[in-house]
Structures are given as structure tokens and as C-alpha cells.
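# Summary of structural features
For reference, the chains in residue letters:
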Amino acid sequence: MQDTPQAIPEIPAPPSAPLRFDAVGLDAKLVRAVHDQGYSTMTPIQAAALPVVLAGRDMMGAAQTGTGKTAAFSLPLLQRMLRHETSSASPARHPVRALILTPTRELADQVAQNVAAYARHTQLRSLVVYGGIDMKPQAMALRQGVEIVIATPGRLLDHLQARNCSLAQVEFVVLDEADRMLDIGFLPDLQRILSHLPKQRQTLLFSATFSGDIKKLAQSYLQSPQVIEVARPNATATKVTQRFIKVDEDFKHAALVQMVRDENLTQAIVFVNSKLGAARLARALERDGLVTAALHGDKSQDERTKALDAFKRGEVHLLVATDVAARGLDVADLPAVFNYDVPFHAEDYVHRIGRTGRAGAEGLAVTLVSVRDERLIGDLEKLLKKPVEWAPFEVRGLPRHRPAFEATARPRRDDSAAPPRRHDAPGAAARSEAPAWRPRPAPSDPFFDQPYREPERSEPAAWERTVDPKAALAQAAQLRNRLSPNIRTRRKLPALFVAPAPEMASDAPATV
DNA sequence: AAAAAAT
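Residues numbered from 1 in each chain as written. Chains lettered and ligands numbered in written order. Predicted model: local features only at pLDDT ≥ 70, side-chain atom pairs only at ≥ 80, totals over all residues. Heavy atoms only, no water.

Let's shift gears to the sheet that holds strand β13 (residues 363-369). Consider a sheet: its strands pair through backbone hydrogen bonds, and that pairing is either parallel or antiparallel. Pairing is parallel in the open sheet, where 6 strands are placed in the order β8-β13-β12-β9-β11-β10. Either end of the sheet is taken by a strand with one partner, and the two such strands are β8 (240-246) and β10 (292-295). On average, each strand axis in the sheet is inclined to that of its neighbour by 20 degrees, with strand direction left out of account. Judged from the 7 bridges that link them, β8 and β13 form a sheet pairing that is parallel. Each bridged residue has a counterpart across the sheet, and for Gln 242 the counterpart in β13 is Ala 365. Sitting on the sheet, helix α13 (residues 346-353) is in contact with β8, β9 (268-271), β12 (336-339) and β13, with an inclination near 155 degrees to β12. (Pairing = 2+ DSSP bridges. Helix = DSSP H or I, 4+ residues; strand = E, 2+ residues; numbered from the N terminus. Axes fitted to C-alpha atoms, helices over the stretch in contact; angles between N-to-C directions. Contact = heavy atoms within 4.5 Å.)

Encoded structure:
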């Protein structure tokens, strides 16, 4: 492993005029496919990654979400594969030559669709492989022979064990959302997969976030990699308006509904931290006249697919999801994201809010912070390298519903001894003038006491290339605003109607 | 603390 790789290919400086796909030596078949998708000029990450991948270099690419990472690796990868394109029908002539791994099934599907679109005019075949669905069709397709496999780790290992495919001929590996793929939960599977691959190969890592630790770990899987960072690493998209509001845990539901109404939102993803929480919240929100769907790992794959498709078609107002939906998912024109819970890992915040404000569009990200979420805010500020700005917010009236679990909650063992819980009687709470959000004495609270300190940022190494973030964003915005690939016409939603609860008739804020 | 990914 070397620290200072030689023979660094020339990377184009941030182009003053956007670089066109037909002006960078890509095969005409690929250019045609790109044009079919409605693209003509490259985003900065695409312009930067292309020559590196074409030169056969390993690379680590960090770029904001929604800036075209998938095309950034698939196009040059396809280009390289085309040099040895074969049209033989024999499976032996169609070994798996490229492997793309993703952390969720939905993302695998999405990447596969993009790859297939870019490869449509070539002889190269691609296949997506993941769990939760019948293995047989996948096995048959693998045995027929495919050059490109897009997969989640578990099912791929299954196929390897069943000898449905060999990875001995793989020339290219891509880890999408690489930092997630390298985290402790995925690492064992990943290592087993990588052990099937030849040492001699090209490895590409992509993500919007790379923590320092992961960067170090990643080095051991890469050979003298080129690191490409477009915009500040770990940065959140600047087109997304971020709003943090303080709200009592019991009033989050009401706050969410109120904001959806006030902002006239047609759609939003609502992120929660647990699968059970997602299911409960989705159900509870239905009672407010909102069409919701839950998306989490306890659902069957069929349900997951249906939920996401319905949301993408615009038939669902609110998609209540766990972090299964945090990364990579491209929902066209999504106006807003809510963090009903503050994510456990700060990077996930970046990924979550990256679902909105994509392709240069405006987006709104609202994070609901209760007392129990507060300690996570510190981590977030460290990652964002600035203190969060609290937006003023008041819940008008009172929550219409008790938390869903109230109805079925079993009495606690020592229920008689326990002090009455406030959410047992939300109405009573207000009548007795209990505050919805209890402002705590800020000066004495250690959370607010800590002076904000700018985290140290090491200078990027000489071989790191940083593209001007402003130019990058402007370019991406301009590009994707004009062209809208893969955007299906959205069915018109019925006008958003949230039945006002009797308690909400009053505009008097519940806050004291 | 949680979620994801194989069944």
C-alpha cells in the first residue's frame, strides 16, 4: 500500500463550460443511452470520476447525494467492459465481470435500473440479485451468464454457495454507499464476497459521507486509490433548508401534521429510528386523513416494493421509514424530509435529508428534537461543523391522538406507585396548564453551556482533488433542472386534507 | 440504543 500513488491521471479542472458526454471519448452506444435518458452534460463527480476509472485506477469518490454518482461509475465501467465485449451466447463467455454492491434491496434495484439503461445499446447483460424474493429466477439468469451483477451481500453469498455464479473473473467492484458497506454489520459478508474475487481488479468506492475511520479502513481494500471529493465531504446539500425544532415527544405527531399542513406539502418522507415506530406512526397518521405507507425491514419485500412504488407514483403523502430508506433512494421532486427521531448516527442525517433537494431542486428538512433526542444533536453539530439553528415552533392546540401504543399498553407492574404519565391524558395536561414543551433553563443546561468549537479540519493531501462546491452544485442544478430522466409523470394527488381536530380549533398555542 | 442483509 502506498501513500503517494504515481501516475495520477489528469483530472479536468472544474470546467467553465459543462463537459458533454459526447466529448469525452465514450463509446457511441453509451452516449446514445445517456442521451436517451435526457442527459447531455456531466455533473462534476462524473467529470472527475470518468478519467480515473477509465485509467483503471482504484478510487474513492465522495460527492453529495443526488449529483449523479451512479452514472459516474457505471459509464466508465461499461466503457472499459466494451473493450472486450463478446456476443457469444455461451455462459462461459459471459462471466461476471463487474460487481456492484449496495446496502439495501431498494437501492440495488434502483442502481440496476440505471445500469440497464446505460447498457441498453450494448451486448452487456446485467442482473440484480437480492433477498426477500424467489431465488430461482435469479439463479437461472446467473447460470445463463451475465456480465454485471448488482447485489446485496446476503443473497449474493447464497448464490455463491449454491454455485450459481463465480466471481473469479470479476474485473470491477463497486461499493455503493461504501461507508455503510464497510461498517461492522456488513463487513463480514463483504469480506467473504471479496475473498471470491481476484486480487487483480479495479475497486471503486462511492458515498456521500466518509468518516475518518472508514477512510482508513477503505485503504486496505484499495490500491493506490485516487480520492475524489466534490464539495465538502460530509456536507449536506445546500439547497436543502434545514430546520430544527424543539417539541415534546408526546406532541411530535401533532407537530408533524401541523407542519405538513402549514407548508402545504404534497409529499414527504418521515424518518424514525425503529421499525415498530415506523409502523405505529404510519397507522396513526392515517387517522389524520393523510395517505401513508410504512417502509422498514420487518415488512415483506413485496410490501416494501409496493410502498415505495406507491410513494414514487405520488399515491402516498407520507412515507414513514426507517434508515432503510436513508441512502441513495431517488424519489423525483421530493419536497420535504422529516426526522421524527434524530438519527443515531450523524452521517445518516446527511443521507436522510439528501432524499430531498435532489437534482438541484429546493428541499425542506425538518428535525423534531425532544429532550431524549438532544444528546444526539452534539454529534450532528460536530459532523455539520456548525451549531444547529433552532427554528421557533409552537404546537397549536393539542394533539388529536394519544400515542398509538396507549390503547394497547399493558399496565406497568408498579403502575399504582408510578406517577401519572403526562400523555395518559393530553387534554387534562393542557387544562392543568402543563407546558407542551418545557423550556429548560438554558444557562444551567450543559447541552447549551458547551461553547461551540470548530472541529479541526486537516488539509487535504496533495493528491486529493477538491472541486469547487458552488460551481459543482450550480452545474448539477442547471443540468438536472433542464432534464428530467426517469421521472415518471406523477399522478395528481387529491388536495391534502387534514381534518382539524376539535382541540385544534383554537389557535392558542399550547406552549406556555 | 437501531437498522440492514440470507431463511
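More follows now that the structure is in view.
Around DNA strand B, the structure places 21 residues, and the nearest of them are Arg 155, Lys 275, Gly 297, Arg 304 and Arg 375. Among atoms of DNA strand B positioned within 4 Å of the protein, sugar and phosphate together represent 67%. Between a base nitrogen of DNA strand B and a main-chain N or O atom of Gly 185, the distance comes to 3.4 Å. A distance of 2.4 Å is found between a phosphate oxygen of DNA strand B and a backbone nitrogen or oxygen belonging to Gly 297. For the surface near DNA strand B, the element with the highest residue contribution is helix α6 (residues 153-161), accounting for 3 residues. (Near = heavy atom within 4 Å. Polar contact = N/O pair within 3.5 Å; in protein donor to acceptor, adjacent residues only side chain to side chain.)

All right, on to the domain arrangement of chain A then. Segmenting chain A into domains produces domain 1 (21-230 + 460-482) and domain 2 (240-453). Contacts between domain 1 and domain 2 engage 21 residues on the former and 19 residues on the latter. Here domain 1 and domain 2 share an interface that buries about 1700 Å² over both sides, 50% of which is from carbon and sulfur atoms. For the interface between domain 1 and domain 2, the tally reads 4 salt bridges. The shortest N-O distance in the salt bridge between Asp 179 and Arg 327 comes to 2.9 Å. For the pair domain 1 and domain 2, the interface holds 8 residue pairs in polar contact (both at pLDDT 80 or more). Contributions of two or more residues to the side of domain 1 that touches domain 2 are made by α4 (105-118), α7 (178-181) and α17 (469-482). (Domains from an automatic or database assignment. Buried area = accessible area lost by both parts, 1.4 Å probe. Salt bridge = Lys/Arg side-chain N within 4 Å of Asp/Glu carboxyl O.)

What follows deals with the pairing of β12. Burial of β12 is two-sided: the residues Ala 336 and Phe 338 facing one way and the residues Val 337 and Asn 339 facing the other way are all buried. Where β9 and β12 come together, 3 bridges link them in parallel fashion. What sits directly across from Ile 269, in β12, is Val 337. Bridge analysis of β12 against β13 gives 4 bridges, and the strand direction is parallel. (Buried < 20%, exposed > 50% of the residue type's maximum accessible area, 1.4 Å probe, protein only.)

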